[in-house]
Every structure is written in C-alpha cells, then in structure tokens.
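# Geometric and topological summary
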Amino acid sequence: NMKQMTFLASTLYKNLINIIKRSIHMTRYAAVEGGGTSWTVAIAIDQPDNIVEKLNIITETPEITLGKIREWLNERQFDSIGVASFGPIDAKVGSPTYGYITSTPKPYWANTNVLKLLGLYDEFLNIPFDFDTDVNAPALAEYILHKKPNMTSSSYITIGTGIGVGLVVNGATVKGLVHPEGGHMLVQPRDGDVFQGSCPYHGRCVEGMCSSGALCKRLNCDISELPNLDDTHEVWDNFSYYIAQLCCNLILIVSPERIVIGGGIMNRTSLYNKIRVSD
C-alpha cells in the first residue's frame, strides 16, 4: 500500500544519504614501516587493513629513502599517519631525540631524525601521528584486530635475522625508559648444548641462540640452506627450547594474555607445536 511504499522509499533514501556521507568522510590512514633492507609506505581507507596503495623502497641513506617517502606522501591526502621503524629508536614523547633512530649499527642511519625527514614537523605538522618500533606496531595490530572481550594485553615476537619483542599493556604499546628489547633476554642453556651464541654483546641471549644468523653459525651453513633442514633436525629442538624460555619469561614478567609469534623462520609451522611442548 501507499504507506509501505512511502516508508520503503524513505528508508532507501536515508540509506543512500548515509552511504554518500560515509564515502565523503572515510578516514584515510597513512603508514610507514622501516626496515634495514627496505621501507614501505601505504594508504588505507576506513579500516587499517583496507590498504588501497603502497610503495616499497630499497633502504639507502636516510635522506634518499625518507625523501622518496615524503614525496609520495605529498601527492596524497590522509588524516593520520603511523611510523614504525627498526631500532633502536627514541619513542618517548618529550625526549630531545623523540622520533630518532638512535645507536643503530646500520651504516648512515645512526642518530637519524626520522619524523623530521618525513615532514612531520613541516608539511604534515597538523596531522596526528605516532612513532614506534617495528615490533610494537604489529603487536598493536594483532591486539586490535584479534582481541577477545576484556582483553588488555598481548605480545608479538618476530624471529628472523634478528629477534624482536613487541608489548601491548592496558591497550597501549610499551614505551618506557626504552622500548622493549626482549630478543636480548639471556636464556639458560639446554642440557648438552655447548653453543655459545652469536650475539656480539650478550652471547647466549635469545637472538644469539635462535636468529637465522645464530642457526647458521651453529650449523656452519649458509642462510639459504636453512629451509632445506628436516623438521626433525636437533637444531629445531634447541631453537624451540629457547623460544619457549622467552615466552615463559614474558608470562612471568608481563603476563600477556596472548603471545603471537611470527617472522621468516616461523614459516616452518611445525615449530609452533615444538615450542608449546618444549621442556
């Protein structure tokens, strides 16, 4: 009848108006991720995982690499930006070196003012931004995208060339005296394991025992040979033992409600169960 038709038309009209308004006011997020090998810049619309554009740039000098990202951003519009970088960084707001990569051994990158070179003190001065580590950022992403009701904490471990630990406590990443460096946590040797570790600073820290470089040093092999090792090789038992120690220490100290483990080495999915049952 006429009333039903009028109601239907009115409802369709309101829905159409809402769709138009939403399309006009969709939030545009910019993200920059910095690594020792390459940097990535991307734009997402409405949802952080709805990435519509991105650019990958080989890591050269800070001026060249960050200059290219700044030019790319200058050609686009966005409402906020997040920057995650390899470290060590100064992520403490109010510090004189906030926004810097600090004492990295990466050639040319020590004491680099990342935020200034990206234009966040110039062109993009009035745009909200955050600066964090390249492990805290995915820790926060995993927390936001997959959290359960009433969940307030999470940890992310990445295992590859190095080992990094990101922490979320009370819904925010941890940026205290310095950012977390859990990969350099010392671990107890497994019975019968005489390997002294590869870390030039700490020897038998988690990174010194479990990074790809540590595994290669232990086995006296090239990194390209690691994927060819059988899942039953003893090196994976040692690896799992030390990563399990890292997880236990995180639980004892920080009490995260979830620990997510990723990185290139964890493409060997059999390792997840080995870590769970390691004694």
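For the structure itself, consult the block above.
What comes next concerns the included structure. (Residues numbered from 1 in each chain as written. Predicted model: local features only at pLDDT ≥ 70, side-chain atom pairs only at ≥ 80, totals over all residues. Heavy atoms only, no water.)

### Overview of helix H6 (residues 212-219)
Along an α-helix, residues three or four apart share an orientation, since each turn contains 3.6 residues. Buried within H6 are the following residues: Ser 212, Ala 214, Leu 215, Cys 216 and Arg 218. Looking at the buried side of H6, the elements it contacts are helix H5 (206-210) and helix H7 (234-253). Downstream of H6 by a residue or two, Asn 220 has a phi angle that is positive, lying close to 55°. (Buried < 20%, exposed > 50% of the residue type's maximum accessible area, 1.4 Å probe, protein only. Helix = DSSP H or I, 4+ residues; strand = E, 2+ residues; numbered from the N terminus. Contact = heavy atoms within 4.5 Å.)

### Section: the nonpolar core
In terms of nonpolar packing, the biggest core is built from 32 residues, with Ile 157, Ile 159, Trp 236, Phe 239, Ile 243 and Ile 261 touching the most fellow members. For this core, the elements supplying multiple residues, two or more each, are strand E8 (154-159), strand E9 (163-169), H5, H6, H7 and helix H8 (270-277). Sorting elements by how many residues they give to this core places H7 first, with 10 residues. Ignoring sequence-local partners within four residues, the contact set of Trp 236 consists of Leu 215, Leu 226, Leu 229, Asp 230, Asp 231, Ile 265, Arg 268, Leu 271 and Lys 274. Grouped together as the second largest cluster of nonpolar side chains are 26 residues, Leu 73, Ile 81, Phe 86 and Ile 127 included. (Core = buried A, V, L, I, M, F, W, Y, C linked by side-chain atoms within 4.5 Å.)

### Details of the sheet that holds strand E3 (residues 51-58)
Reading across the sheet, the five strands line up as E3-E2-E1-E4-E7 and stay open at both edges, with mixed pairing between neighbours. Because the sheet does not close on itself, it has two edges, and the strands there are E3 and strand E7 (129-133). Sheet twist, expressed as the average angle between the axes of neighbouring strands with direction ignored, equals 15°. Relative to E7, strand E4 (residues 80-85) runs parallel, the two being bridged by five bridges. (Pairing = 2+ DSSP bridges. Axes fitted to C-alpha atoms, helices over the stretch in contact; angles between N-to-C directions.)

### Structural notes on the packing of H7 against H8
Interhelical geometry of H7 versus H8 gives an angle of 60° and a closest axis separation of 8 Å. Classified by the interaxial angle, the pair formed by H7 and H8 is oblique. Once H7 is placed against H8, the crossing between them reads as right-handed. Of the residues in H8, those in contact with Trp 236, Asp 237, Phe 239, Ser 240, Ile 243 and Ala 244 of H7 are Leu 271, Lys 274 and Ile 275. Across the contact of H7 with H8, the residue classes tally to six nonpolar, one polar and two charged. (Parallel < 35°, antiparallel > 145°, perpendicular 65-115°, else oblique. Left-handed = near helix turned anticlockwise from the far one by under 90°. Nonpolar A, V, L, I, M, F, W, Y, C, P; charged D, E, K, R; others polar.)

All we've got here are geometric facts, nothing functional implied.
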